[in-house]
Amino acid sequence: MIDIVEIVRGGLRLNPSLLAADFANLESDIRSLERVGATILHLDIMDGHFVPNISFGVPVVEAIRRVTELPLDVHLMLSQPEEYLKIFRQAGADLLSIHIEAVSDPRPLFDKIRKLGALSGLVLNPPTPVEIIEPFINDCELILTMGVMPGFGGQSFDIGTLDKLRYIKKIAKPDLLISVDGGVGDKTIKDCAEAGANLFVTGTALFNGELEQRFKHLNNLLKNE
Ligand code: DX5
Ligand code: ZN
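Residues numbered from 1 in each chain as written. Chains lettered and ligands numbered in written order. Predicted model: local features only at pLDDT ≥ 70, side-chain atom pairs only at ≥ 80, totals over all residues. Heavy atoms only, no water.

Asks: Even after reading the chapter, I still don't get the site of ligand 1, so can you show me in this structure?
Replies: Residues in close proximity to ligand 1 total 20 residues, the closest being Ser-17, Asp-44, Gly-151, Asp-181 and Thr-204. A distance of 2.7 Å separates an oxygen atom of ligand 1 from a polar atom in the backbone of Gly-151. A distance of 2.4 Å separates an oxygen atom of ligand 1 from a polar side-chain atom of Thr-204. Here ligand 1 loses 99% of its free accessible area of 380 Å² to cover by the protein chains. (Near = heavy atom within 4 Å. Polar contact = N/O pair within 3.5 Å; in protein donor to acceptor, adjacent residues only side chain to side chain. Areas by Shrake-Rupley, 256 points an atom, 1.4 Å probe, with all protein chains shown as cover.)

The structure is reproduced here in structure tokens:
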């Protein structure tokens, strides 16, 4: 299971999103990420219903689990996440994140995730007011703030996300993982760090060039924050 304390202690961390990887050569991209020092991987699961796109599912998560020991942060963009928690945990997920827009009360799902031995996360989309997640902030290990409407990589970062990150940072317990996902790259990553994020999901900005160099570059931007 993910050692959350270690991740938080490790400081600001890139969280590569494999949505932008070369699906014909996933293992090779994962090896490159391991070599250059990635500490976690972000996997985007889309059902074509909660979001207008379909990405990949359980067999691909299983296949990734077979080739790496890195913690797998599985972002469930699903209308009915409760139906799929166990199967993704069995496939190898260490952290399971659900959208607040998909459930009325996330707490029963957090309980289920905990019983499955994984960590839980709560995600909110750009139009969703941050106050809506406030009652649940101490019931999960990660808050994932979307910088774009979920469904596709390569979109522009919604600047209003920074205020949400500031607010979450202000009310967060010290070991909360505060993640940001979508449109995080050269121009936005430092602002996200200054606003309080400690885990940075990066797809396009990482895979749009030589992978190891791009990782080092984005990591340096974080270190010089
Ligand atoms: C979007 C996904 C993201 C996506 C981010 O629905 O949740 O994780 O991979 O992609 P970029 O970094 O390209 O915005
Ligand atoms: Zn994601």
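Asks: For this particular structure, what's the right way to read the nonpolar core?
Replies: A general tendency of soluble globular proteins is for nonpolar side chains to be buried together. Grouped together as the largest cluster of nonpolar side chains are 62 residues, with contacts concentrated most on Leu-18 and Phe-200. The greatest single-element share of this core, amounting to five residues, is contributed by helix H9 (residues 211-223). Residue contacts for Phe-200: discarding those within four places in its chain leaves Leu-12, Arg-13, Leu-14, Asn-15, Val-180, Val-184, Ile-189, Cys-192, Ala-193 and Leu-222. Within the second largest apolar cluster, 14 residues are counted, among which are Leu-119, Val-148, Leu-199 and Val-201. (Core = buried A, V, L, I, M, F, W, Y, C linked by side-chain atoms within 4.5 Å. Buried < 20%, exposed > 50% of the residue type's maximum accessible area, 1.4 Å probe, protein only. Helix = DSSP H or I, 4+ residues; strand = E, 2+ residues; numbered from the N terminus. Contact = heavy atoms within 4.5 Å.)

Asks: Looking at this structure, how should I read the coordination of the zinc ion (ligand 2)?
Replies: Tetrahedral coordination by four donors sets the ideal angle at the metal to 109.5 degrees; octahedral coordination by six donors sets it to 90 or 180 degrees. Donor atoms from the polypeptide that coordinate the zinc ion (ligand 2) comprise His-42 (NE2), Asp-44 (OD), His-75 (ND1) and Asp-181 (OD), at 2.0 to 2.3 Å from the metal. Coordination geometry of the zinc ion (ligand 2): the six donor atoms subtend angles of 70 to 168° at the metal centre, consistent with an arrangement described as octahedral. (Donors = N, O, S within 2.8 Å, 3.2 Å for Na, K, Ca; no water. Tetrahedral: all angles 85-135°; square planar, octahedral: opposite > 155°, others 65-115°.)

Asks: Got a minute to help me understand the pairing of strand S4 (residues 95-99) in this structure?
Replies: Within a regular strand, the side chains alternate between the two sheet faces. With respect to burial, S4 is a largely interior element, five of its five residues being buried. Going residue by residue along S4, you find Leu-95, Ser-97 and His-99 tucked away on one face and Leu-96 and Ile-98 tucked away on the opposite face as well. In the sheet, strand S3 (residues 72-77) pairs with S4 via four bridges, with the strands oriented parallel. Directly across from Leu-76, in S4, lies its bridge partner Ile-98. Since S3 and S4 lie parallel, the crossover through helix H4 (residues 85-91) that links them has a hand, and here it is right-handed. (Pairing = 2+ DSSP bridges. Right-handed = clockwise from strand over helix to strand, strands pointing away.)

Asks: Honestly, the pattern of salt bridges in this entry has me stumped. Any pointers?
Replies: If charged atoms from side chains of opposite charge come close, those side chains can pair. The tally for this structure, following the rule as stated, stands at eight salt bridges. Salt-bridge contacts for Glu-212 lead to Arg-35; the nearest nitrogen and oxygen are separated by 2.9 Å. You can see Glu-212 sitting in helix H9 and its partner Arg-35 sitting in helix H2 (residues 26-36), a full 177 residues away along the chain. Overall, Glu-212 belongs to the buried group, its relative accessible area being 19%. Residue class for Arg-35 comes out exposed when judged on its relative accessible area of 58%. Across the pair Arg-166 and Asp-163 runs a salt bridge whose closest N-O atoms are separated by 2.6 Å. (Salt bridge = Lys/Arg side-chain N within 4 Å of Asp/Glu carboxyl O.)

Asks: Help me understand the side chain of Thr-161, please; the structure alone is not making it clear to me.
Replies: Along the chain, Thr-161 falls in helix H6 (residues 161-171). We classify Thr-161 as buried; its relative accessible area is 1%. When sequence neighbours within four positions are dropped, the list of residues in contact with Thr-161 reads Thr-145, Met-146, Gly-147 and Val-180.

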